[in-house]
Amino acid sequence: MVISAEFLGMLLLITSAAALGLSIVFDVGRVSAEKTREAMTQRQHDRKRAALAEWRKRTEAKQAELTGLQAKLTEFNGRRHKAMTEARALEVSKIELIHELGDPDGNTDLYWAQLTTAPNFPERDRKDIVFSRQIWDYRNVVHIAAYSADQAHGVLRASFGQRNGLAVSPVVPLAMAPDPEAETAAA
């Protein structure tokens, strides 16, 4: 069998066409696989982007909720502090320390005065302060047994006064002393 040049050319042409077709099929398969992989990657990317957007939205909602809760906490802490301050003031106003001066006998009258700290009290030296500083946080009153209001005032000034960093209210008969319960209710 003799192979002619035409036959050989035709065989070469068919083989080349087949190789080219196979190459095209292979390239199309590879491009198709790449496109499929790219589409899958894009879908994963879109899902992750949607999840990220959802998480951001949730985070913003939680942040807004947290800000609201922090504002409420601040408000409630302020209310708590105010209530505790009022409770402390009420407690302090209900406790009354009574200092008794003079010798009560059948002929003396009882007089009343209130003791408070003077504005310069915090700067006073400890040795100048009568009793402990802590008792002056409470209401301090004095009951004075004396024959007259002037004598009661003199006894009071001798015992408590400016040198101790204290201020004294006017001396009044005990029967005319203000009621601490009424003062607390008025405040």
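Residues numbered from 1 in each chain as written. Predicted model: local features only at pLDDT ≥ 70, side-chain atom pairs only at ≥ 80, totals over all residues. Heavy atoms only, no water.

Draft legend 1. Summary view of the pattern of salt bridges. Counted by the stated rule, this structure contains five salt bridges. Close ionic contact of R58 with E54 constitutes a salt bridge, the shortest N to O distance being 3.4 Å. Of this pair, R58 and E54 both sit in helix α1 (residues 5-94), four residues apart, roughly one helical turn. Taking the shortest distance from any N to any O, the salt bridge between K62 and E65 comes out at 4.0 Å. With K62 and E65 both in helix α1 and three residues apart, this pair spans about one turn of that helix. (Salt bridge = Lys/Arg side-chain N within 4 Å of Asp/Glu carboxyl O. Helix = DSSP H or I, 4+ residues; strand = E, 2+ residues; numbered from the N terminus.)

Draft legend 2. Seen up close, the confidence of the model for the protein chain. Summarising the model, the protein chain shows a mean pLDDT of 85, and 91% of its residues fall at 70 or more. Of all secondary-structure elements in the protein chain, the lowest mean pLDDT belongs to helix α3 (residues 180-186), at 55, while α1 reaches the highest, 92. (pLDDT = per-residue confidence, 0-100.)

Draft legend 3. Expanded view of the side chain of N140. The topology assignment puts N140 in strand β3 (residues 139-146). At 2.7 Å, the side chain of N140 and the side chain of H99 are in polar contact. Apart from residues no more than four positions distant in its own chain, N140 is found in contact with L97, H99, Q114, L115 and I135. (Polar contact = N/O pair within 3.5 Å; in protein donor to acceptor, adjacent residues only side chain to side chain. Contact = heavy atoms within 4.5 Å.)

Draft legend 4. Seen up close, a nonpolar patch on the surface. A cluster of nonpolar side chains, contributed by I3, F7, L8 and L11, occupies part of the molecular surface with about 400 Å² of accessible area. Turning to its location among the elements, L11 is positioned in helix α1. (Patch = residues over 30% accessible without salt bridge, like charges linked within 9 Å, V, L, I, M, F, W, Y side chains within 5 Å. Areas by Shrake-Rupley, 256 points an atom, 1.4 Å probe, with all protein chains shown as cover.)

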